[in-house]
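Coordinate inspection notes
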Amino acid sequence: MTDGGQPRRPRGAAFLLAQLGAHASERFADRVQQIGLSPAEVGLLRMINGQPGRSQQSVAVDLGVVPSRVVVLIDNLGHKGLVERRTGSNDRRHHELYLTVDGERVMMDMRSIATEHDDEMLSALEPEEREQLTGLLQRIADQQGLTPGVHPGYRQGTGRRKPVTPTR
């Protein structure tokens, strides 16, 4: 199990991606917990900020989760005073989602937190290497058909995971 007294390192980029992804997720969760948010709430705020007025239904579709999961998240953000529901301009049965003034302030804070997080996670790399790594990871994400900007953690516990194709 060791090479010359050193523990043998797992081989393969996929393992390292999983290891770093889990570590990055934990570190990010710690950071946003300090401002009273979960990573899922931050992601939802980001989605609403990027497309104000979108419906809860469209958010659920983009996240790949059941609408009731989005309702719970929106309710929590509403209680925190960060998101408001408005009667739909085209269909009064649907609600449009908007950030409140406090929600917009939190988004500005989040930009700083995200920058600090990115800088910490990539501190071992030079600026050119960071760009190269980001480009390579984006190519992989695109090839794998991942939804841009949507963390797969939203699907956990919803019963709507993508089926796993067995390999031989």
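Residues numbered from 1 in each chain as written. Predicted model: local features only at pLDDT ≥ 70, side-chain atom pairs only at ≥ 80, totals over all residues. Heavy atoms only, no water.

**Quick word on the side chain of Arg54**
Locating Arg54 in the fold gives a position in the loop between α2 (39-50) and α3 (56-63). Note on Arg54: relative accessible area 9%, which makes it buried. For Arg54, the side chain forms a polar contact with the side chain of Ser58, separated by 3.2 Å. Aside from chain neighbours lying at most four places away, what touches Arg54 is Met47, Val59, Asp62, His95, Glu96 and Leu97. (Helix = DSSP H or I, 4+ residues; strand = E, 2+ residues; numbered from the N terminus. Buried < 20%, exposed > 50% of the residue type's maximum accessible area, 1.4 Å probe, protein only. Polar contact = N/O pair within 3.5 Å; in protein donor to acceptor, adjacent residues only side chain to side chain. Contact = heavy atoms within 4.5 Å.)

**A look at the pairing of strand β4 (residues 95-99)**
Burial analysis of β4 places four of its five residues in the buried class, which makes it a mostly covered element. One ladder, built from five bridges, connects strand β3 (residues 83-87) with β4; its direction is antiparallel. Its bridge partner being in β4, Val83 is matched across the sheet by Leu99. (Pairing = 2+ DSSP bridges.)

**Some thoughts on the packing of α3 against helix α4 (residues 67-79)**
At their nearest, the axes of α3 and α4 sit 9 Å apart, and the two run at 115° to each other. α4 is crossed by α3, and the crossing has right-handed handedness. In contact with Gln56, Gln57, Val59, Ala60 and Leu63 of α3, α4 contributes Pro67, Val70, Val71 and Ile74. Partitioned by chemical class, the residues of the contact of α3 with α4 number seven nonpolar, two polar and no charged. (Axes fitted to C-alpha atoms, helices over the stretch in contact; angles between N-to-C directions. Left-handed = near helix turned anticlockwise from the far one by under 90°. Nonpolar A, V, L, I, M, F, W, Y, C, P; charged D, E, K, R; others polar.)

**Remarks on the nonpolar core**
In terms of nonpolar packing, the biggest core is built from 26 residues, with Leu45 and Val83 touching the most fellow members. Examining the composition of this core, we find that six residues originate from one element, α2, more than from any other. Not counting chain neighbours up to four residues away, the residues in contact with Leu45 comprise Leu37, Leu77, Leu82, Val83, Leu99, Val106 and Met107. (Core = buried A, V, L, I, M, F, W, Y, C linked by side-chain atoms within 4.5 Å.)

**Focus on the packing of aromatic side chains**
Using the criterion set out here, one finds zero aromatic pairs in the structure. The ring of Tyr98 has Arg86 sitting right over it, with the charged end atom 3.8 Å from the ring centre. (Phe/Tyr/Trp six-rings, centres within 6.5 Å; stacked < 30°, edge-to-face > 60°. Lys NZ or Arg CZ within 6 Å of the ring centre and 35° of its normal.)

**Quick notes on the environment of His95**
Within the secondary structure, His95 sits in strand β4. C-alpha separation for the pair His95 and Gln57, spaced 38 residues apart in sequence, amounts to 9.1 Å. Setting aside anything within four residues of it in sequence, one finds His95 in contact with Arg54, Ser55, Gln56, Arg85, Arg86, Thr87 and Gly88.

**Some words on the pattern of salt bridges**
Between side chains of opposite charge, a pair can form when the charged atoms approach closely. Under the criterion given, the structure shown has 10 salt bridges. Where Asp62 meets Arg54, a salt bridge forms, and the shortest distance between an N and an O atom there is 2.4 Å. Linking Asp109 and Arg105 is a salt bridge whose minimum nitrogen-to-oxygen distance equals 3.4 Å. On the criterion of helical spacing, the pair formed by Asp109 and Arg105 is a turn pair, its members being four residues apart in helix α5 (residues 101-121). Residue Asp109 is classed as partly exposed on the basis of its relative accessible area of 34%. (Salt bridge = Lys/Arg side-chain N within 4 Å of Asp/Glu carboxyl O.)

**Thoughts on helix α6 (residues 127-143)**
Counted at 1.5 Å a residue, the expected span for α6 with its 17 residues is 24 Å, and the 25 Å between its end C-alpha atoms agrees. One or two positions beyond α6, positive phi appears at Gly145, with a value near 75°. (Expected span 1.5 Å × (residues − 1).)

**Brief notes about the confidence of the model for the chain**
Looking at the chain as a whole, its pLDDT mean stands at 85, while 85% of the residues score no less than 70. This model gives residues 157-168 a pLDDT under 50, and the stretch forms 10 contacts once residues within four places in sequence are excluded. (pLDDT = per-residue confidence, 0-100.)

**What about a nonpolar patch on the surface?**
Together, Leu17, Leu133, Leu137 and Ile140 line one region of the surface with nonpolar side chains, adding up to about 300 Å² of accessible area. Take the nonpolar patch: its biggest share by element is three residues, from α6. Relative to the helices and strands, Leu17 resides in helix α1 (residues 13-33). (Patch = residues over 30% accessible without salt bridge, like charges linked within 9 Å, V, L, I, M, F, W, Y side chains within 5 Å. Areas by Shrake-Rupley, 256 points an atom, 1.4 Å probe, with all protein chains shown as cover.)

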